[in-house]
Amino acid sequence: MEADWDELSRIPVPPPNPHGLPTIATTLAFDDVQELLWVGNEYGRIVSFYGPELQRYTSVRAHPAAEGPVRQILFHERGVISLSSRSVHMITRRGLTQWHIAHEEMVDLRCMSFTAQTNRILAAGCQKVMFTIDIDKGVIVDKLPTEHHYTIMKRSRYLCAATDTGSVNALSMADFSVVKSWKAHGTAVNDMDARNDFLVTCGFSVRHLGSPIVDPLANVYDLKTLSPLPPIPFHAGAAYVRMHPKLHTTSFVASQTGQLQVVDLMNPNAINLRQANVGFMLGIDISPSGEALAINDAECAVHLWGSPAKIHFNEMSKETEFADVAPRPPPLDWTPETPLNMIGMPYYHERLFSAWPSHLLFDIGSPPPLIDQSLLPYLRPAEVGHYAPNPKKVRRYQVENTRALASAESALVAPKFLSEKAREQSKSKSDGSIGDTIDALASTKINGEADDDPLLKYSNVEIKYSRFGVDDFDFRFYNQTAFSGLETHIANSFTNSLLQLFKFIPLMSNLALHHTAGTCIFENCLLCELGYLFDMLDKANGQNCQATNLLKTFSNFREASSLELLEENLTNKSLATAIQAVNRFFLTQISHDYRMIQPSADDLDQTLSTVALESIRCMFCQNKTVRPFNSLVNDMIYPNLDIKQARRNPAFRFSNILRASIEHERQNRGWCNQCRRYQQVTIRRSIHHMPHVLILNTLLNSPVYRRLWAVPGWLPEEVGILIENGQVVCFEGDDLKMRVQSNNTPGLLVYELVGFVCEIDIPEHQKPHLVSFINVSVSARQPDPTNRWHLFNDFLVTEVDKEEALKFSQPWKLPCVLAFQAKEARHAVDDSWKDALDTTLLFREWSMNGGPTNPSCQTLDSKERPEPGTPVALDTEFVDLEKAEIDVKADGSQEIVRPSKSGLARVSVLRGSGLSEGVPFIDDYITIKEAIVDYVTQYSGIKPGDLDPRTSHHNLVPLKVAYKKLWLLLNLGCVFVGHGLASDFRKINIQVPKSQTVDTQYLFFHPSKNRRLSLRYLAWAVFKEYIQEEPTDDVQGHDSIEDARMALRLWKKFQEYEDAGIVTQMLEEIFREGSRLAFRPPPRNGTATVLSRPGTAVTMQNSGTNNTTTNPSGRNTPSTPDVGGGTASTASAPTTPRQGFRRSIALTPSNGSFAGPGTGDFFGGSPLR
């Protein structure tokens, strides 16, 4: 290692997918043919980097992600060979697959090496068989039995192979027999290298404390004499080693902390030390030229060391082939006048193959008619084939035209948009009002057919978008109940059914809401997001909701991506398996989040945890180890099933299978500390406490087990559990009723079924999806002895019979997750969290970047604690995270496939009453981690850099903090005043009851005009003030404080109109002027047009004492065209029953400044109500 060796490059290992996080490199190796460095990751992908700059070259998914990490990479002149636990793969250096080998006996491959024949490799691992593979043909040519479990292989004079017990075997290159064996290390060999006549190993040994540690010596062996040599001392702990490819006695030894030592094997005193800047080293490799060293670490990075003056991976490398640079097309001046034929088809001189002559095109016969998919669930086996009742949808002898194009219409026809219904109602008012949506989902039609389909409510539901967005979709068509559904256009919305199930478990809902109302402000707290969602579903009262914030938090967990729980991973697994894994992850994360605030977590263990001791007994030496075991979810374990005895054999009853699943006695291979090796062990649980909420994963991965569920009444609505001396005893049916009635079984805990999640896979109703069946009576606030079952199919919610809910004989209905709750906790909805809200956030400043706060913003003091009915003015600003996906059809019409996605960027909240009325107490900018595609500065006022903690000059807070402030105000009973609040609340993902909302968009709404007025126009029409104006510097935009203050003033003015009894007349006047001005304020450069009412017309420039002065706001909104004339209109004012002087005083425009109550001149100086 020359004196100028240093770190030259450092790059992160690419993530497994575009939305994933970087992953660690599990192996790395220098190519011996080209200037390439190859890296393998945890998901079976291998990536190559070119040259000292480590430029990305190729990236290939060589092995399925389920097989785990890439464990070794070898190089051949024809390509690159990689190995995972269950397969061997070969690609060319450009990334083209040559062959892929997997075998049923490949269960745990660990290593491979070239043999004496350069076109063959030997693959081995912790298994009983080694495989010889022909590289040229890509086939297994031989299987060799072995009693050793090999983990590392290096070829030199012998084939050196390390075992999992710490030994190293020297194998003959001829028949792979063991020639010599050394006990190199006490526990395991971590790394080794063999070159020429030397072998160097690093590994672990067990010290007096019983845990393995890195050996401080690197062992050296002479392969010529097969004898050990003096070891190399390395006090930092020798973890990794590589022999120098040119200097035959020189080796590189490295520790896990990044210390590098270059040492001569023949003279261990001649050393050269370096320190790599890594936190925890995972491996090293040296290039064939000896001029470069690669290091991978636990921080998902690859480091390249070498001399800046000279660095080549090989002495003579072949030229690396790169892709041709695509020529840029000639520039085209694309304008609305550019003809479409400027983009033509490619030139061709011969007739296209797709242009078949007409005499060669003709129909032969008729395709067989398709079987009606609705019959499949009702088919019954017969001696020959299957049979089902005739649906009688066609007449006798009627033949179907099978060549007719099938309708692409979905099974559940979407309703008309609300805007379409409004137009129809306005057209048909003379003939009477049109009825609302259909009364029940059962009366909907499938593809226009008149017959009812009982499976219709299980269909996939899909949101359709009009030009007005998702607000125009009629969700009430799908839900006539008081229980809210969840929308589906959000990533990972397949978890909706599980979230609904959690919500209707009272004890779980209480746990989440009490945690949310507490002091937690951790940004990625899943338990808080569950509390926000449960509160939103409660307040919605049947109105559709969306779990945007919760699912965003779920998507941000790296563990969820690593476990392949996200929507992008559903292509290679069933929905049932996915939702069971998500259920386990949710409960684990909920436990973690709860313990972050309350480490003792007694309430959590009482509610969700099965507390047990797990005993592990070695079957060889009978040594027993006991450890605590807490389970949040139990997997159902089924016995070997004989379906003929399922009804008679008690072992096949649900209660007995539940008992076996909770105790989960099993045999497995495990490490025995007394035998010092892996032995067959017996594992058994001794249960100490059962939770009040019992969550089960059904694990129905076999058709035989599904037949067990198909037995009528097999799943009981109630089950009793009793713990006796650590053993679980379960009861159901008549046995349970007898014990409950006799009341002589102390400690018996009776559970009732709350609900379950099912996978629905009906072929004719599109793709599989998840629904939940829930007994909503369990979570009712009022005592309800009946059981009312509901189906939650995303935003489709309807009541179903108990028999239909608990029937599993249909092949398309697969139960996935069950939820039981202690019967004594029925109706145990605890709303005491509303009286224990932690409101600290409202009374102190919070900043993540230490940015300056708005000088006009004054935080609330203790005397200003909001009370129920306290008005606050709200306005928010958003940025675009994703643009809308629009499908342009052949006829030019457009259909929105997915709406645009916005991110909350700024929140401003103002006092709505008191001496400081109109003064903001919240003005937060929200940091956004997602990529922002458009800051829409002209409307939001947000500029690039405003939301970056490193460059922002504003007070930045996480979304969690800003959201919790609004949630606290909501639950303290505040009334929100603003303009267009419905859209803001939807984007914020919060549900505010109508009783707590004052929207000036609807206050100043004329029933007969069918138009909503903008805040900009209302500010001019009522106060003759200009807001949201077009700026001169093109960087300003809407000011949320200004907009919120204007909405508050409009509300106060509307209250004056109500007191004066002139609301209708003022709305007529405002809309009359708006029609003349196109509902835009007139330009400033001229005499302003004002409301033509006696005593109220105020000229903006020529009105003596009533002159209104407004400062330019500098807002960047599109400019308004000149509307003819600039003088005030002289139309007569409508009459009013109130006194004229009172009316004129009440309608006098204000001077544009904000004043609190009692400071204005309204009603002769009297304060507003």
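Residues numbered from 1 in each chain as written. Predicted model: local features only at pLDDT ≥ 70, side-chain atom pairs only at ≥ 80, totals over all residues. Heavy atoms only, no water.

(A) Representation of the sheet that holds strand β11 (residues 120–125) in the model. Spatially, β10-β11-β12-β13 is the arrangement adopted by the four strands of the open sheet, whose pairing is antiparallel. Among the strands making up the open sheet, the edge pair consists of β10 (109–114) and β13 (139–145). Strand after strand, the sheet turns through a mean of 25° between neighbouring axes, direction not considered. Two strands pair when backbone bridges link them, and β11 and strand β12 (residues 129–134) are joined in this way by four bridges, in the antiparallel orientation. (Pairing = 2+ DSSP bridges. Helix = DSSP H or I, 4+ residues; strand = E, 2+ residues; numbered from the N terminus. Axes fitted to C-alpha atoms, helices over the stretch in contact; angles between N-to-C directions.)

(B) Region of interest: the UniProt feature "binding site: a divalent metal cation" (unreviewed entry) in the chain. Residues given the UniProt feature "binding site: a divalent metal cation" (unreviewed entry) here are Asp875, Glu877, Asp984 and Asp1043. In sequence the annotated residues extend across 169 residues, while in space they remain close, none of their C-alpha pairs exceeding 13.1 Å. Its location among the elements puts Asp875 in strand β45 (residues 871–882). Setting aside chain neighbours within four positions, we find Asp875 in contact with Arg906, Val907, Ser908, Asp984, Ser1040, Asp1043 and Ala1044. Looking at the secondary structure, you find Asp984 in helix α15 (residues 981–988). Classification of Asp984 as buried rests on a relative accessible area of 9%. In this structure Asp984 touches Asp875, Thr876, Phe878 and His979, once residues within four positions along its chain are discounted. Of the polar contacts made by the side chain of Asp984, one reaches the side chain of Thr876; its length is 3.2 Å. (UniProt positions renumbered as here; feature names shortened; annotations may be inferred. Contact = heavy atoms within 4.5 Å. Buried < 20%, exposed > 50% of the residue type's maximum accessible area, 1.4 Å probe, protein only. Polar contact = N/O pair within 3.5 Å; in protein donor to acceptor, adjacent residues only side chain to side chain.)

(C) Broad picture of the packing of helix α3 (residues 506–516) against helix α4 (residues 526–540). Where α3 meets α4, the closest approach of the two axes is 8 Å, and the angle between their N-to-C directions is 110°. It follows from the interaxial angle that α3 and α4 lie roughly perpendicular. Residues Met508, Ser509, Ala512, Leu513, His515 and Thr516 of α3 form the contact with α4, whose own contacting residues are Leu527, Cys528, Leu530, Gly531, Tyr532, Phe534 and Asp535. (Parallel < 35°, antiparallel > 145°, perpendicular 65-115°, else oblique.)

(D) Examining helix α14 (residues 959–971) more closely. Here α14 contains 13 residues, and its C-alpha end-to-end distance of 18 Å stays within 8% of the 18 Å for a straight helix at 1.5 Å per residue. Within α14, 12 of the 13 residues are buried, which leaves the element mostly enclosed by the surrounding structure. Within α14, the full set of buried residues consists of Lys960, Val961, Ala962, Tyr963, Lys964, Lys965, Leu966, Trp967, Leu968, Leu969, Leu970 and Asn971. A positive phi of about 95° marks Gly973, the residue just after α14. (Expected span 1.5 Å × (residues − 1).)

(E) Fine view of unusual backbone geometry. Unlike most non-glycine residues, Asn196 shows phi in positive territory, near 60°. Looking at the element boundaries, Asn196 is found in the loop between β18 (188–195) and β19 (198–206). Positive phi, normally seen in glycine, also occurs at Asn725, with a value near 55°. By the secondary structure assignment, Asn725 is in the loop between β38 (718–724) and β39 (727–732).

(F) Focus on the pairing of strand β27 (residues 281–286). Where burial is concerned, most of β27 is hidden: five out of the six residues are buried. Where β27 meets strand β28 (residues 292–297), five bridges bridge the pair, whose relative direction is antiparallel. Within β28, the position partnered with Asp285 by the bridge is Ala294. What sits between the antiparallel neighbours β27 and β28 is a turn of five residues, in which Gly290 has the positive phi angle 80°.

(G) The side chain of Thr320, seen in detail. Residue position: Thr320 is located in the loop between β29 (301–306) and β30 (380–381). What makes Thr320 buried here is its relative accessible area of 8%. Reaching out from Thr320, the side chain makes a polar contact with the side chain of Gln34 at a distance of 3.3 Å. In this structure Thr320 touches Gln34, Glu35, Leu36, Tyr50 and Tyr57, once residues within four positions along its chain are discounted.

(H) Inspection of the pattern of salt bridges at higher detail. Applying the stated criterion across every chain yields a total of 46 salt bridges. Between Glu732 and Arg653 there is a salt bridge, and its shortest N-O distance comes to 3.9 Å. Within this pair, whereas Glu732 is found in strand β39, its partner Arg653 is found in the loop between β34 (634–635) and α9 (654–663), the two being separated by 79 residues in sequence. With a shortest N-O distance of 3.4 Å, Lys1053 and Glu1056 are connected by a salt bridge. One end of the pair, Lys1053, and the other, Glu1056, are both in helix α18 (residues 1040–1060), three residues apart, so they sit about a helical turn from each other. Pair check on accessibility: Lys1053 and Glu1056 agree, each one buried. Each of Glu614, Arg627, Arg666 and Arg685 takes part in one network of salt bridges that share partners. (Salt bridge = Lys/Arg side-chain N within 4 Å of Asp/Glu carboxyl O.)

(I) Summary view of the packing of α3 against helix α7 (residues 575–597). Between α3 and α7, the least distance of the axes is 11 Å, while the angle of their chain directions is 40°. With respect to each other, α3 and α7 are oriented oblique. Crossing hand, α3 versus α7: left-handed. Between α3, through Met508, Leu511 and His515, and α7, the contact on the second element is made entirely by Leu587, Ile590, Asp593, Tyr594 and Ile597. Partitioned by chemical class, the residues of the contact of α3 with α7 number six nonpolar, one polar and one charged. (Left-handed = near helix turned anticlockwise from the far one by under 90°. Nonpolar A, V, L, I, M, F, W, Y, C, P; charged D, E, K, R; others polar.)

(J) Looking closely at the nonpolar core. One finds Phe586, Phe773 and Phe820 to be the most contacted residues of the largest nonpolar core, which totals 155 residues. In contact with Phe773, not counting residues within four places along its chain, are Tyr458, Val754, Gly755, Phe756, Cys758, Trp789, His790, Leu791, Val800, Ala805 and Lys813. Counting 25 residues, the second-largest nonpolar core is a separate cluster that includes Ala1019, Trp1020, Phe1054 and Val1063. (Core = buried A, V, L, I, M, F, W, Y, C linked by side-chain atoms within 4.5 Å.)

(K) Here's a closer look at the sheet that holds strand β14 (residues 150–155). Across the sheet, four strands lie side by side as β14-β15-β16-β17; this open sheet has antiparallel pairing. Looking at strand neighbours, the two that pair on one side only are β14 and β17 (178–183), the edges of this open sheet. The sheet shows a mean angle of 20° between the axes of neighbouring strands, direction not considered. Judged from the five bridges that link them, β14 and strand β15 (residues 159–163) form a sheet pairing that is antiparallel. For Met153, the partnering residue across the bridge sits in β15 and is Ala161.

(L) Focus on the packing of aromatic side chains. Scanning the model with the defined rule gives 37 aromatic pairs in all. Between Phe473 and Phe795, the ring centres sit 5.9 Å apart and the planes meet at 80°, which makes this aromatic pair edge-to-face. Taken together, the residues Phe473 in the loop between α1 (418–427) and α2 (496–503) and Phe795 in the loop between β42 (789–793) and β43 (796–800) connect sequence positions 322 residues apart. Classification of Phe795 by relative accessible area gives buried; the value is 2%. Site record: aromatic cluster; members linked through ring pairs are Tyr458, Phe654, Trp709, Trp714, Phe756, Phe773, Trp789, Phe808, Trp812 and Phe820. Over the aromatic face of Phe773 sits the side chain of Lys813, whose NZ or CZ is 4.2 Å from the ring centroid. Here Lys987 stacks its cationic end above the ring of Phe878, 5.1 Å away from the centre of that ring. (Phe/Tyr/Trp six-rings, centres within 6.5 Å; stacked < 30°, edge-to-face > 60°. Lys NZ or Arg CZ within 6 Å of the ring centre and 35° of its normal.)

(M) The arrangement of the side chain of Ser908 in detail. Tracing the sequence through the fold places Ser908 in strand β48 (residues 901–911). A polar side-chain atom of Ser908 sits 2.8 Å from a polar atom in the side chain of Asp923. A polar contact of 2.6 Å, which involves the side chain of Ser908, links it to the side chain of Ser1040. Beyond its immediate sequence surroundings of up to four residues, Ser908 is in contact with Ala873, Leu874, Asp875, Ile922, Asp923, Ser1040 and Ile1041.

(N) The pairing of strand β46 (residues 885–888), seen in detail. As paired elements, β46 and strand β47 (residues 894–898) share four bridges and run antiparallel to each other. Within the sheet, the bridge partner assigned to Asp887 lies in β47 and is Glu895.

(O) Geometry of the environment of Gly138. Along the polypeptide, Gly138 turns up in the loop between β12 and β13. The exposure class assigned to Gly138 is buried, which follows from its relative accessible area of 14%. C-alpha separation for the pair Gly138 and Ile101, spaced 37 residues apart in sequence, amounts to 7.2 Å. In this view, Gly138 contacts Trp99 and Ile101; residues no more than four positions away in its chain are not counted.

(P) Structural detail: the confidence of the model for the chain. Confidence in the prediction for the chain averages 82 pLDDT; 87% of positions are at 70 or higher. Here residues 430–451 is modelled with pLDDT under 50, and outside its nearest four sequence neighbours on either side it reaches 35 contacts, counting other chains as well. A low-confidence stretch, residues 1087–1169 stays under pLDDT 50, and its non-local contacts, those more than four residues away or across chains, total 184 contacts. (pLDDT = per-residue confidence, 0-100.)

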